[in-house]
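Commentary on secondary and tertiary structure
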Amino acid sequence: MDEHNATQGNNRGPATAVCLRPVLCVLSLALATPTFATPAPAALDVPASSGKLTAIGEAFDRATGQLLYREYHFRQPGSALGSVEYRGPDRRLLGTKSLDFQVAPWAPAFQQIDLRTGEMLFARWQGSSLTLGYRENHQGEIRQEQVPERALVADAGFDNFIRAHWSGLLGE
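This is a predicted model, so every value here is computed, not measured.

**Some words on the overall build of the chain**
Looking only at helices and strands, one finds one helix and nine strands in the chain. Seen in sequence order, the chain has helices and strands lined up from the N terminus as β-β-β-β-β-β-β-β-β-α. Pairs at least 24 residues apart make up 36% of the contacts formed inside the chain by residues separated by at least 6 positions. If you sum the accessible surface of the chain, you get close to 9,600 Å²; carbon and sulfur atoms cover 52% of it.

**Notes on the pattern of salt bridges**
On inspection of all chains with the given rule, the structure shows six salt bridges. Its salt-bridge partner being Asp90, residue Arg92 comes within 3.9 Å of it at the nearest N-O pair. Judged by its relative accessible area of 55%, Asp90 falls in the exposed class. Arg163 is the partner of Asp159 in a salt bridge, and the nearest nitrogen-oxygen pair spans 2.7 Å. Of the two residues, Asp159 and Arg163 are both situated in helix α1 (residues 157–169); the distance of four residues between them amounts to about one turn of the helix. With a relative accessible area of 32%, Asp159 lands in the partly exposed category. For Arg163, a relative accessible area of 54% corresponds to the exposed category.

**Notes on the packing of aromatic side chains**
On inspection of all chains with the given rule, the structure shows two aromatic pairs. Ring geometry for Trp106 versus Phe161: centroids 5.0 Å apart, planes at 85°, classification edge-to-face. Of this pair, Trp106 sits in the loop between β5 (93–100) and β6 (109–114) while Phe161 sits in helix α1, and the two are 55 residues apart along the sequence. Trp106 gets classed as partly exposed once you look at its relative accessible area, which sits at 31%. By relative accessible area, which is 25% here, Phe161 ends up partly exposed. Above the plane of the ring of Phe110 lies Lys97, whose end atom (NZ or CZ) is 5.8 Å from the centre.

**Here's the deal with the pairing of strand β3 (residues 67–75)**
The sheet contact formed by strand β2 (residues 52–60) and β3 spans eight bridges and is antiparallel. Directly across from Ala59, in β3, lies its bridge partner Tyr69. Between β2 and β3, which follow one another and run antiparallel, lie six residues, and Gly65 among them has a positive phi close to 80°. Where β3 folds back on strand β4 (residues 81–87), the antiparallel hairpin that results is connected by five residues, among which Gly78 adopts a positive phi of roughly 75°.

**Quick notes on α1**
A bend of about 45° at Arg163 is the largest found in α1. Once α1 ends, the next one or two residues include Gly171, with phi positive near 80°.

**Quick notes on unusual backbone geometry**
Non-glycine residue Arg91 carries a positive phi angle of around 75°. You can see Arg91 is positioned in the loop between β4 and β5. In this structure, Asp155 is a non-glycine residue whose phi angle is positive, near 50°. Within the secondary structure layout, Asp155 lies in the loop between β9 (143–147) and α1.

**Brief notes about the confidence of the model for the chain**
Parts of the prediction with low pLDDT should not have their coordinates interpreted in detail. Per-residue pLDDT for the chain has a mean of 75; in total, 69% of the residues score no lower than 70. Note that residues 1–44 has pLDDT below 50 and, in this model, 107 contacts with residues that lie over four places away or in other chains.

Rules of the game
- Residues numbered from 1 in each chain as written.
- Predicted model: local features only at pLDDT ≥ 70, side-chain atom pairs only at ≥ 80, totals over all residues.
- Heavy atoms only, no water.
- Helix = DSSP H or I, 4+ residues; strand = E, 2+ residues; numbered from the N terminus.
- Contact = heavy atoms within 4.5 Å.
- Areas by Shrake-Rupley, 256 points an atom, 1.4 Å probe, with all protein chains shown as cover.
- Salt bridge = Lys/Arg side-chain N within 4 Å of Asp/Glu carboxyl O.
- Buried < 20%, exposed > 50% of the residue type's maximum accessible area, 1.4 Å probe, protein only.
- Phe/Tyr/Trp six-rings, centres within 6.5 Å; stacked < 30°, edge-to-face > 60°.
- Lys NZ or Arg CZ within 6 Å of the ring centre and 35° of its normal.
- Pairing = 2+ DSSP bridges.
- Bend = angle between axes of the 7 residues up to and from the residue.
- pLDDT = per-residue confidence, 0-100.

As structure tokens, then:
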């Protein structure tokens, strides 16, 4: 959720991206690139969120290598809905994200809230326009901006975009 580094565990190498705050994380692949693992074994202490656990990511501090948080990614079976829970090393819930890929699989509607500070990011589809929003903290004013096209990649839609274009990216 803030600046740190890790690599993806899928043998594709490290990932990097840019998060444009306070405008919003339109392409949010990594100031906090997590290490993704396969779904957790039954013995692992996994949050009780709704949906099927599809991935666990870990984010580490670049300088110290210390675990900053884990991301637990869930998808509703048979739907375009998902959620993410961000938990500290002590398993305390730090933030949440809800995702809706129904309108645009590469630019989902989403809402992410940092429960510690009240920082909120969101994207909502209204017809063919995407409204992006940002609030710095619990008391902050919500700023919004409209993006008038669907030809964009936003937030968790980046993974769908890469999967759809993987062979082309490899030059195959």
